[in-house]
Amino acid sequence: MSRNHVSTTVNGDRVEFLCETGQTLLEALRDELRLTGTKEGCGTGDCGACSVMVDGRLVCSCLMLAVEAEGKAIETVEGMADGDTLHPLQRKFIEHAALQCGICTPGILIAARALLARNPDPTEAEVRFWLAGNLCRCTGYHKIVDAVLDAAREMRGG
Amino acid sequence: MRYEVPKTLEAAIALLAGANGRGRVLAGGTDLLIQLRSGRAEPELLVDVKAIAEMRAVEAAAGGYRVGAAVTCMELIENEAFARAWPGIVDGVKYIGSIQVKGRATMGGNLCNASPAADSVPALIAAGAVACIAGPQGRREQPVEAFVTGPGKTTLAKGELVVSFLLPRRAPRSGDAYLRFTPRTEMDIAVVGAAVNLTLDDKGVCGSARVSLGAVAARALLVPEAAAALIGTRVDAVALARLAAAASAACKPIDDKRGTKEYRIKVAGVMAERAAVIALERAGRQI
Amino acid sequence: MSNMLKYEEKALKIVGTRPLRPDGVDKVTGRARFGADYNLPGQLIGKVLRSPHAHARIKSIDTSAALALPGVKAVVTRDDFAEMPDELAAVGELMINFRDVTRNMMAREKALYDGHPVAAVAATTDSVAQAALALIKVEYEVLPHVIDVVEAMQPGAPLLHENQYTQGVKPRPERASNVAKRLEFGRGDVAAGFAAADVIVEREFNTKPVHQGYIEPQACLASYSADGQAELWTSTQGHFVFRAQCAKVLQMEVSKIRVTPTEIGGGFGGKNNIYNEALAIALSRKSNHPVKMVMTREEVFRGTGPTPGANVKVKLGATRDGKITAAEAELNFQAGAFPGSPVNQASMCAFTRYDLENVRVVGNDVTVNRPKVAAYRAPGAPIAVFGVESVIDEMAKKLGLDPIEFRLKNAAREGTQTYYGPKFGAIGYIQTLEAARAHPHYSAPLAPNQGRGVATGFWFNIGNETTCSLNLQEDGSLTLNLGTIDVAGGSRASMAMMVAEELGIAYERVRPTVGDTSTLGFNFLTAGSRSTFASGMACVIASRQVIEKLRQRVAKIREVPLEAVAWKDGQARPVDGGVAQFAPMSLTEVARMAGKTGGTIAGHAEINAQGAGPGFGAHIVDVEVDRQTGSVKILRYTVVQDVGKAIHPAYVEGQMQGGAAQGIGWALNEEYVYGDDGVLQNPGFLDYRIPVASDLPRIDTVIVEVPNPNHPYGVRGCGEVPIIAPMAAIANAIENATGLRLCEQPFSPPRVLKALDQAAAAKG
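Bear in mind the structure is a predicted one, so any value in this text is a computation, not a measurement.

(A) Summary view of the overall build of chain C. For chain C, the count of helices and strands is 20 helices and 28 strands. Against the 2.2 N^0.38 benchmark of 27 Å for 764 residues, chain C shows a C-alpha radius of gyration of 27 Å, consistent with a compact globule. By principal-axis analysis of the C-alpha atoms, chain C measures approximately 90 × 75 × 55 Å. Going through the 764 residues of chain C one by one, you find that 60% of them count as buried. If you take every contact in chain C between residues at least 6 apart in sequence, the share linking residues at least 24 apart comes to 80%.

As structure tokens, this is what we get:
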């Protein structure tokens, strides 16, 4: 069976890969590009562990075909820090102990960054509803919410 | 499995017609990818319609709106003018999955997937939306309430696809709302969905109304008896109680892992009442 | 030398503070590697064929078409695995019947649940592997199935195991049964106790299986070499236990398997047992390629152990003045397809919070056609306590006593004789109750349709086999190699904190890692809330060995007697008023000279940690009930818990919040839904509903510290206690809001609405 050739941009880098038509963007990122920071928790769009940005939109990469990435700009957790300078959200998550096992963390960071880009001063309720698509089984979400609100405060210059 | 990205509607129709029923439209893909993964769908061809301009636009049309079938939920939610005119439709769209899912999912896909619990459908029906369809035989239009015929089944013939939705001109003092019941606050499939669209006259009396219920029958229902309970009233407690009773009476639900028959019947009335109160408040805001 | 170190009260510099965890940056950047993130050149993808039937005899398996498919390199079935004897074998502290382990891993005579593995393939790609599965022909003889625990206990129920006779019953029964074991705990005379009671409350409860719900599906990568050695990377709570299980079922020498634990994306007990690991090694052996096996979410639900569903009967008697005179319970637990539910632990936990003279608990371990159950955070206790703490609450109400007051009147304390064996040493139940009562949450006002509930939990916490090694590097930094898996990110940090505290140096100078099985001796699982206690104990022992050696080196270098050398604040100094003076030496200075003065300075520990301290928790919850829909909203939640000593308070808080959140999900929405055909209907996160961020409020925490006398820092452990109380607390809150006593879990909206309507109909 012949595979599809896809050219796309990931975290600002031009990349190419081959994939089957039925492969998802998540599988291509992890298995073809070896960017394993984005995780599979369910494969059906119910847990958000596979969250990435596509052309500035927060999406589940398990619900997108790899071929649909042609010509798009993809952002994953690997591109969130600036060299070895962590993004405020990444720093605040560590400071607030907002991660335990850490498997949901990449997806939540990507989702939280998307929230703050759109709404720099969210209420706690807005944070919780925005993150409803990101399941966490370890933390009960309490410290995650604290970390997001604190990062938002810092990013606003507060 | 082939993947094609036609730039025009004509090209898309030709591809679908050529696939002779073994092709599927790919818009947001949030239902289709799950079906591909589980083996429930095994198409030979995927026709990605996201490059077709008229399917991606939201524009004023004939005093109302034309919403492309491949406009994403997030795009529609962010369209302030549309959200002001049809907050009930936006309510429904807001309930579809997560922010991530809404970043890709579309009303066209939500309708054509034809789940009885689809969240955007009842409000479209209550709004009097019309589906604009194109295929090898040309274009046609169909009210949304007639489009779905059963779970997973629509009136689309081979090679046809939904191109856009037409929303009529909005009369002054109109309001619509959609509410659903789910066990969690987000991320669930609706156990019951209720949409109410109403217009008040200049004395605050309801002159016209449409009520639609989701997840309580094989497809979303338009319930004239429920609307009748509101028309000619000030949508007071007595009218609301009659609305609830009519909504419950119209249900033909099933028992499944998401809810029992008796639960759905009961809660349909509750949701219809609560949706009507919100629709009233939205209509009244314009007095 | 006694292994165990007793508690010493002292001023602490690092323990009790909140430094950053050592693995944090990797986890927030995506650099950390979990089970599915490992790859080897030339690897194949392994997939499992699972039974679609709840109960069926497997008459034949034809893999020829699958093997012939291009890209398929190996197929395994029951024929590839040796028969295991029917006998209990020790895997460290755990007793396992390997006859069951091998059968759960791959069915032999029968498929015993929807999802039971029947065959596995290794192929070049995922899609080829899936296609190969579809080509395997299995001939099933479908049998009647049973999934309800009470039904399964009846004579005449479909029988899972023809040779299973109920243990614990005398004389031995003549007929085989689904009841694998009956056990009984107790003391005193319950009949007399009930006779002496003024008020008796008796209730029956039913619960459904719930899954641990870890977000990371099981994943492993195996590489078998032609010389008979295997490497295995896997996401696990216990790499030594996994090694032991694999070695046994594959009939390999333990040292020939090297297991590297990956970062683990949640376990909660569900990753205490092998599933695909031995299959991956076997496929690698057969195909001569590495084999990677990652479960889908559906497989996780259909094939890995949930916690049992159960039927629980509780009876309590008390006198008017609030003294409990008798307590009785019957716990009937689903074990799933093979024996081994946690009915044992549940029986021991049911009433243990109270000082009781007359207690009787009977437990039944019952096999049913469902996946074999696995541990889930305080296994069994939440189920038993749901029943008991609901009845406690009902009794308090009948007696007109405040719920906390009633518990205090009967509270277990130091010296209380438990009904399952030991006598309590110093424990913190009373302090926990008093802290809950004093919390502002307990007396905050409530609005209509709102209610407040309280419930308490107890868990033993454990110690067990633990090893570690601590090496001082040439620049004065230290590497700490741990054998205990760090599931939640707190334990690597906490171990490094204890070492730094002992040595008197900066926390950042201690670099903790979890070593693979070739680097240390046997370590038990990260389970039983044991890691901070047991691994901490080992780290302190190793640290004190290092200090001893440092003193010896300094004595040699400075040419003074050993007794003149003290170690304080990271330095060797003369003992105050001691026999000799000398210029102090820092850790770094001694380290630089280590090679020349005798070699690397290191400490290590191999212990079986004893003296774990029981933990107690008290939860307060406010709910609001929507009377028109039956929806229950959690408004406010407070967790109060005695942890002995919080080494790193932020991670202790995290355990309390996470456990409470799991308990809330268990109470409100989580359940396995089966059809009449015995097939699981909700094997996904859409219809298996765990709490999302918008479902929960903030979860406030109060850490109580009543030191465990058997740990140098007083640690008891904290991970399991917080999941025990939520179900009962929420049931009690719903009762407080509506007058309804709910005895069926989950308290989903249809159940609540039905109960509300029935109550209204009864009144009107």
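(B) Up close: the overall build of chain B. For chain B, the count of helices and strands is 12 helices and 14 strands. Here the C-alpha radius of gyration of chain B, 19 Å, is about what a compact globule of 287 residues would show, namely 19 Å. With respect to the principal axes defined by its C-alpha atoms, chain B has extents near 55 × 45 × 35 Å. Relative to its full complement of 287 residues, chain B shows a buried share of 56%. When contacts within chain B are restricted to residue pairs at least 6 apart in sequence, long-range pairs at least 24 apart make up 65% of them.

(C) Up close: the confidence of the model for chain C. Per-residue confidence for chain C gives a mean pLDDT of 95, with 99% of residues at or over 70. Both scores are given for the predicted complex: the pTM is 0.97, the ipTM 0.98.

(D) The arrangement of the domain arrangement of chain B in detail. All names here are of chain B. Assigned domains within chain B: domain 1 (51-167) and domain 2 (174-284). When each unit is reduced to the centre of its C-alpha atoms, the spacing between domain 1 and domain 2 is 20 Å. Contact with domain 1, which involves 25 residues of that partner, is made by 26 residues of domain 2. Among the elements that make up the side of domain 1 that touches domain 2, the one with the highest residue count is helix H8 (residues 121-127) (six residues). Residues belonging to the side of domain 1 that touches domain 2 are distributed by class as follows: 15 nonpolar, seven polar and three charged.

(E) How the structure looks around unusual backbone geometry. Residue and element names in this part refer to chain C. Of note, the amide linkage connecting Lys170 to Pro171 takes the cis form, showing an omega dihedral of -5°. The omega angle of the peptide bond from Gln745 to Pro746 is -5°, so this bond is cis rather than trans. Its place among the elements puts Pro746 in the loop between helix H19 (726-738) and helix H20 (749-763). Positive phi, normally seen in glycine, also occurs at Gln251, with a value near 55°. Along the chain, Gln251 falls in the loop between helix H7 (239-250) and strand E13 (257-261). Judged by local crowding, Gln251 falls into the exposed class, with 9 C-beta atoms found within 10 Å.

(F) Region of the structure containing the packing of helix H3 (residues 98-105) of chain C against H7(C). Residues and elements named next belong to chain C. At a closest axis distance of 10 Å, the pairing of H3 and H7 adopts a crossing angle of 90°. It follows from the interaxial angle that H3 and H7 lie roughly perpendicular. Counted together, Phe98, Val101, Thr102 and Met105 of H3 and Gln245, Lys248 and Val249 of H7 form the full contact between these two elements. Of the residues assigned to the contact of H3 with H7, the class counts are four nonpolar, two polar and one charged.

(G) Summary view of the pairing of strand E13 (residues 206-214) of chain B. All names here are of chain B. The buried count for E13 comes to seven of nine residues, which makes it a mostly enclosed element. Alignment of strand E12 (residues 192-200) against E13, held across eight bridges, turns out to be antiparallel. Counterpart to Ala195 in the pairing with E13 is Ser212. Two successive antiparallel strands, E12 and E13, enclose a turn made up of five residues, where Gly204 displays a positive phi of approximately 85°. Counted between consecutive antiparallel strands, the loop separating E13 from strand E14 (residues 221-222) contains six residues, among which Ala215 sits at a positive phi close to 70°.

(H) Quick peek at the nonpolar core. Core analysis: the largest hydrophobic core is formed by 414 residues, its most contacted members being B:Val196, B:Ala247 and B:Ala272. Take this core: its biggest share by element is 12 residues, from helix H16 (residues 531-558) of chain C. Excluding anything up to four places from it in sequence, B:Val196 contacts B:Ala126, B:Asp176, B:Ala177, B:Ala209, B:Val211, B:Ala272, B:Ala275, B:Ala276 and B:Ala279.

(I) Molecular detail of the interface of chain A and chain C. Taken together, the 42 residues of chain A in the interface contact 44 residues of chain C. Residue assignment for the side of chain A that touches chain C shows that the elements contributing at least two residues are helix H2 (88-95), helix H3 (105-118), helix H4 (124-130) and helix H5 (142-155) of chain A. When residues of the side of chain A that touches chain C are assigned to their parent elements, the largest contribution, four residues, is made by H2(A). Its residues assigned to classes, the side of chain A that touches chain C shows 21 nonpolar, 13 polar and eight charged.

(J) A look at the interface of chain B and chain A. Counting residues at the interface gives 21 residues for chain B, matched by 24 residues for chain A. At the level of secondary structure, the elements contributing two or more residues to the side of chain B that touches chain A comprise strand E1 (2-4), helix H2 (32-38) and helix H6 (99-102) of chain B. Of the residues belonging to the side of chain B that touches chain A, the class tally is nine nonpolar, seven polar and five charged.

(K) Spotlight on the sheet that holds strand E17 (residues 359-367) of chain C. Residues and elements named next belong to chain C. Pairing is mixed across the open sheet formed by five strands, whose spatial order is E9-E17-E16-E15-E10. At either margin of the open sheet sits one strand with a lone partner, and together these are strand E9 (179-187) and strand E10 (199-207). The sheet shows a mean angle of 10° between the axes of neighbouring strands, taken without regard to direction. When E9 meets E17, the two strands line up antiparallel, connected through eight bridges. Bridge pairing in E17 places Lys181 opposite Asp365. Sitting on the sheet, helix H11 (residues 381-399) touches E10, strand E15 (310-318) and strand E16 (324-336), and the angle it makes with E10 is about 150°.

(L) Looking closely at the sheet that holds strand E26 (residues 615-625) of chain C. Residues and elements named next belong to chain C. Judged by pairing direction, the sheet is mixed, and its four strands sit side by side in the order E18-E26-E27-E28 without closing on themselves. The sheet terminates laterally at strand E18 (450-459) and strand E28 (699-704), the two strands that pair on one side only. Strand after strand, the sheet turns through a mean of 15° between neighbouring axes, direction not considered. On top of the sheet, helix H18 (residues 649-668) reaches E26, strand E27 (632-642) and E28; it is set at about 125° to E28, its chief contact.

(M) Looking closely at the environment of C:Ala157. Residue and element names in this part refer to chain C. Here Ala157 lies in the loop between helix H5 (149-153) and E9. By the C-beta count within 10 Å, which is 19 here, Ala157 ends up partly exposed. Contacts of Ala157, omitting those with residues within four sequence positions, involve Val146, Glu151, Ala152 and Asn178.

(N) Main features of the domain arrangement of chain C. Residue and element names in this part refer to chain C. Here chain C is partitioned into domain 1 (43-143 + 218-294), domain 2 (310-461 + 613-763) and domain 3 (463-607). Here the C-alpha centroids of domain 1 and domain 3 sit 40 Å apart. Taken together, the contact between domain 1 and domain 3 spans 17 residues of the former and 15 residues of the latter. Within the residue set of the side of domain 1 that touches domain 3, elements represented by two or more residues are H7 and E13. Its residues assigned to classes, the side of domain 1 that touches domain 3 shows five nonpolar, nine polar and three charged.

(O) A look at the environment of B:Thr72. Residue and element names in this part refer to chain B. For Thr72, the location among the structural elements is in the loop between strand E5 (64-68) and helix H3 (73-77). Using a count of 25 C-beta atoms within 10 Å as the deciding quantity, one classes Thr72 as buried. Along the backbone, Thr72 and Gly109 are 37 residues apart, and their C-alpha atoms lie at a distance of 9.6 Å. Those residues in contact with Thr72 that sit more than four places away from it in its chain are Gly28, Lys102, Gly103, Arg104, Ala105 and Thr106.

(P) Quick look at the pairing of strand E22 (residues 565-568) of chain C. All names here are of chain C. Sheet analysis places E22 next to strand E23 (residues 571-574), joined by four bridges and oriented antiparallel. Across the sheet, residue Lys568 finds its bridge partner in E23, namely Gln571. The turn linking E22 back onto E23 is made up of two residues, and Asp569 within it adopts a positive phi angle of 55°.

(Q) Region of the structure containing helix H4 (residues 126-135) of chain C. All names here are of chain C. Within H4 the residues assigned to the buried category are Val128, Ala129, Ala132 and Leu133. Around the axis of H4, the buried residues are gathered within 145° of arc, so they sit on the same side. The inward-facing, buried residues of H4 contact strand E1 (44-50), helix H2 (64-68), strand E3 (72-76) and strand E7 (117-123).

(R) Representation of the packing of H2(A) against H3(A). Residue and element names in this part refer to chain A. Between H2 and H3, the least distance of the axes is 10 Å, while the angle of their chain directions is 130°. Of the possible angle classes, the one that applies to H2 and H3 is oblique. For the pair H2 and H3, the sense of crossing is right-handed. For the pair H2 and H3, the contacting residues are Leu89, Gln90 and Phe93 in the first and Thr105, Leu109, Ala112 and Arg113 in the second. Residue composition of the contact of H2 with H3, by class: four nonpolar, two polar and one charged.

(S) Highlighting helix H13 (residues 429-438) of chain C. Residues and elements named next belong to chain C. Turning to H13, its buried residues are Tyr429, Thr432, Leu433 and Ala436. Each buried residue of H13 lies within a common arc of 95° when the element is viewed along its axis, so the set occupies one face. Of the surrounding secondary structure, the elements contacted by the buried residues of H13 are helix H12 (403-409), helix H14 (440-443), E18, E26, E27 and E28.

Each value, and the rule that gives it
- Residues numbered from 1 in each chain as written.
- Chains lettered and ligands numbered in written order.
- Predicted model: local features only at pLDDT ≥ 70, side-chain atom pairs only at ≥ 80, totals over all residues.
- Helix = DSSP H or I, 4+ residues; strand = E, 2+ residues; numbered from the N terminus.
- Rg over C-alpha atoms; globule rule 2.2 N^0.38 Å.
- Buried ≥ 20, exposed ≤ 12 C-beta atoms within 10 Å, placed from the backbone.
- Contact = placed C-beta atoms within 7 Å.
- pLDDT = per-residue confidence, 0-100.
- Domains from an automatic or database assignment.
- Nonpolar A, V, L, I, M, F, W, Y, C, P; charged D, E, K, R; others polar.
- Axes fitted to C-alpha atoms, helices over the stretch in contact; angles between N-to-C directions.
- Parallel < 35°, antiparallel > 145°, perpendicular 65-115°, else oblique.
- Pairing = 2+ DSSP bridges.
- Core = buried A, V, L, I, M, F, W, Y, C linked by C-beta atoms within 7 Å.
- Arc of directions from axis to C-beta.
- Left-handed = near helix turned anticlockwise from the far one by under 90°.

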